[in-house]
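Now for the letters of each chain:
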Amino acid sequence: MRKSVILPVISGLCMLLVSCAGNIDPDDNGNGGGNTDLPGGGTQETVNSVYRQKMVAMQFTSAGCVNCPSLTEALKSVQISRPESIIPVAFHLDYEIDDPMSLPVCSQFYERVSYNESTTVSLPMFALNFRRSSQRIVSEAPKIISEMDLQAEDHPVSSGVAIQTGYDAVSRELEVKARFISEVSQVCRYHIILVEDGIEYVQLGAETEDYTHNNVFRYVASDDMRGARLNSGKPLTVGQEYEVTRKIVLDGSWNPDSMRVIAVLLTADDADGQIFGCNNANECAVGGSADYLYKDEK
């Protein structure tokens, strides 16, 4: 049986962002100040996209949750049955114990996609592509695959995402260049996310004491859950490549050799441009790169 705890009060997102450049407003960290996205972003055309889609699998978990390992196993099963189709991100929350991998922004993401209307947390919980799932999913692989199929139909891929990174081990500065191409004219936002693998820490409910946490959420380059604005909030020009650059100083406790960078292109799900979901995503190791993914590539 799932348990509940009181959701901690969120004081705001602490960011390590030091600079940004490209086709975004230089002074825009995602909120957009007084400028709002143009309406009409939710009316997405259906295209026969050349790009292969990757979805962001949001795992809400905690080291203090005895049932949470079951969702980890379900996601592993999905990755085996559908290789290269999802990018798991584990958002840790304080639950029964103080989880050292928990961050205030994890609670913000939870609130955005959760069914819970109270101030309690129920774990484990799964969400896809920064959207509230069409069904309540705890740890069932068939339900996860069903949700993937539903979102692929309701929000078809219409964009490509590529990443190039450079890392300075002395300064611990990571430079991320994310590139986006849209096949339709639509308002877009983006997330740059860092996750870390290989973190050894206790996990209640695990069969072994030597538990390794993977896909642990560490950082997002925006203080807006909708993502940072791309092209100053104006619809993207079809076929034009947009590039953004973020420079991030990695925390001293993070292991860059075990970290990955995730770039996410988000499109508006509503005509008012207030709700955004992932249209496509890509990932690479810190210091690595990932080119656009095409459907005709094996």
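In this report, we go over the structure that sits alongside the text. (Residues numbered from 1 in each chain as written. Predicted model: local features only at pLDDT ≥ 70, side-chain atom pairs only at ≥ 80, totals over all residues. Heavy atoms only, no water.)

Moving on: the overall build of the protein chain. When its secondary structure is counted, the protein chain shows 3 helices and 17 strands. Relative to its full complement of 298 residues, the protein chain shows a buried share of 52%. (Helix = DSSP H or I, 4+ residues; strand = E, 2+ residues; numbered from the N terminus. Buried < 20%, exposed > 50% of the residue type's maximum accessible area, 1.4 Å probe, protein only.)

Let us look at a nonpolar patch on the surface. On the surface, a cluster of nonpolar side chains totalling about 300 Å² of accessible area is made up of Val 66, Tyr 201, Val 202 and Leu 204. Along the chain, Val 202 falls in the loop between β10 (199-200) and β11 (212-213). (Patch = residues over 30% accessible without salt bridge, like charges linked within 9 Å, V, L, I, M, F, W, Y side chains within 5 Å. Areas by Shrake-Rupley, 256 points an atom, 1.4 Å probe, with all protein chains shown as cover. Salt bridge = Lys/Arg side-chain N within 4 Å of Asp/Glu carboxyl O.)

Further remarks concern helix α1 (residues 69-81). End to end, α1 covers 19 Å across 13 residues, agreeing with the expected 18 Å (1.5 Å per residue, within 8%). Where α1 is concerned, the buried positions are Pro 69, Leu 71, Thr 72, Ala 74, Leu 75 and Val 78. For α1, the secondary structure elements touched by its buried residues are β3 (55-61), β4 (86-92), β6 (125-128) and α3 (141-154). (Expected span 1.5 Å × (residues − 1). Contact = heavy atoms within 4.5 Å.)

This part is about the state of the cysteines. Within the structure shown, the criterion is met by 1 disulfide. Shown here is the disulfide that connects Cys 65 with Cys 68, its sulfur atoms set 2.4 Å apart. Measuring the twist about the S-S bond at about 90°, one finds the Cys 65-Cys 68 disulfide to be right-handed. Comparing Cys 65 with Cys 68 shows no difference in burial state: the two are buried. (Disulfide = S-S within 2.5 Å.)

This next bit is on the packing of aromatic side chains. Two numbers describe a pair of aromatic rings. These are the distance of the centres and the angle of the planes. By the definition in use, this model includes 9 aromatic pairs. Centre to centre, the rings of Phe 60 and Phe 91 are 5.1 Å apart; their planes meet at 20°, and the pair counts as stacked. Placement of Phe 60 in strand β3 and of Phe 91 in strand β4 is noted, with a sequence separation of 31 residues between them. By the burial criterion, Phe 60 is buried, and Phe 91 matches it. Here Phe 91 and Phe 217 contribute two aromatic rings whose centre-to-centre distance is 5.0 Å and whose plane-to-plane angle is 25°, an arrangement assigned as stacked. Of this pair, Phe 91 sits in strand β4 while Phe 217 sits in strand β12 (residues 216-220), and the two are 126 residues apart along the sequence. Looking at Phe 217, the relative accessible area reads 1%, which means it is buried. Through successive ring pairs, a cluster of aromatic residues spans Phe 60, Phe 91, Phe 109, Tyr 110, Phe 130 and Phe 217. (Phe/Tyr/Trp six-rings, centres within 6.5 Å; stacked < 30°, edge-to-face > 60°.)

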